[in-house]
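Architecture and fold: a report
What follows is each chain in one-letter form.
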Amino acid sequence: MRKPYYVVSACLAGTACRYDGGSNPCPEVLQLVREGLAVPACPESLAGLPVPRPACELKNGRVLSRDGRDMTTAFLRGAQRALEIAQAHGCTAAVLKSRSPSCGFGQIYDGSFKRRLCAGQGLWAQLLRQAGLALYSEEELPPRPDRIDAP
């Protein structure tokens, strides 16, 4: 098996780890995993959060659940663990679930729980970007690694 090039949001790889117990399988991400070019990770699961769990959104730098709990510490713990997985596998890019308080970047939900978007990035996306990984989403997929110089 080839060395993974991408770390991907586990929900995009078909893992039922979303807050509502579902997944968001993305055919292109599933193919990357099958080919050994991607490793899935879910920072929220790695933090030990249950599935299902209350919906969470970022507001003023804090992750808040729909029922009002501050989940920032757990989300940061999971983001760090997921970053460590990416680094341990030598990943240099990520395909992340858009708008998520962990994985979203560019635009995320604004913390009102009314499906409104605002500029921002999720906690894991921030760590990955700071570590130098290129970020993509299921809405803007990267070029195929077999067409570029993948490690």
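All of the points below concern the structure found in this document.

Each value, and the rule that gives it
- Residues numbered from 1 in each chain as written.
- Predicted model: local features only at pLDDT ≥ 70, side-chain atom pairs only at ≥ 80, totals over all residues.
- Heavy atoms only, no water.
- Salt bridge = Lys/Arg side-chain N within 4 Å of Asp/Glu carboxyl O.
- Buried < 20%, exposed > 50% of the residue type's maximum accessible area, 1.4 Å probe, protein only.
- Helix = DSSP H or I, 4+ residues; strand = E, 2+ residues; numbered from the N terminus.
- Phe/Tyr/Trp six-rings, centres within 6.5 Å; stacked < 30°, edge-to-face > 60°.
- Pairing = 2+ DSSP bridges.
- Right-handed = clockwise from strand over helix to strand, strands pointing away.
- Axes fitted to C-alpha atoms, helices over the stretch in contact; angles between N-to-C directions.
- Parallel < 35°, antiparallel > 145°, perpendicular 65-115°, else oblique.
- Left-handed = near helix turned anticlockwise from the far one by under 90°.
- Contact = heavy atoms within 4.5 Å.

This part is about the pattern of salt bridges. By the definition in use, this model includes 7 salt bridges. A salt bridge links Arg-62 to Asp-70, with the shortest nitrogen-to-oxygen separation between them at 3.0 Å. A relative accessible area of 37% places Arg-62 in the partly exposed class. Here Glu-139 ties to Arg-99 by a salt bridge, and the two come within 2.8 Å at their closest N and O atoms. Here Glu-139, found in the segment after strand 8 (134-137), pairs with Arg-99, found in the loop between strand 5 (93-96) and strand 6 (105-109); they are 40 residues apart in sequence, far enough to count as distant.

Throughout the structure, instances matching the rule amount to 1 aromatic pair. Aromatic pair Tyr-5 and Tyr-6: ring centres 4.5 Å apart, planes at 80 degrees, arrangement edge-to-face. Across this residue pair, the class does not change: Tyr-5 and Tyr-6 are buried.

A separate point is the pairing of strand 1 (residues 6-9). Sheet analysis places strand 1 next to strand 2 (residues 38-41), joined by 4 bridges and oriented parallel. The partner of Tyr-6 across the bridge, within strand 2, is Ala-38. Traced from strand 1 through helix 1 (residues 27-34) to strand 2, the parallel crossover comes out right-handed. Note that strand 1 and strand 5 share 3 bridges and pair parallel. Looking at strand 5, one finds that Val-7 is bridged to Ala-94.

Below, the discussion takes up the packing of helix 3 (residues 72-88) against helix 4 (residues 123-130). At a minimum axis separation of 8 Å, helix 3 and helix 4 run at an interaxial angle of 40 degrees. Relative to helix 4, helix 3 is oriented oblique. The interaxial crossing formed by helix 3 with helix 4 has right-handed handedness. Facing helix 3, whose interface residues are Thr-72, Phe-75, Leu-76, Ala-79, Gln-80, Ala-82, Leu-83 and Ala-86, helix 4 presents Leu-123, Trp-124, Leu-127 and Leu-128.

Next up on the list: the pairing of strand 5. Going residue by residue along strand 5, you find Ala-93 and Val-95 tucked away on one face and Ala-94 and Leu-96 tucked away on the opposite face as well. For strand 5 and strand 8, the ladder comprises 4 bridges, and the chain directions are parallel. Each residue of the ladder has a partner; that of Leu-96, found in strand 8, is Ser-137.

Next up on the list: the sheet that holds strand 5. Ordered in space as 2-1-5-8, the 4 strands form an open sheet in which the pairing is parallel. The open sheet has two edge strands with one neighbour each: strand 2 and strand 8. When the angles between neighbouring strand axes are averaged without regard to direction, this sheet yields 25 degrees.

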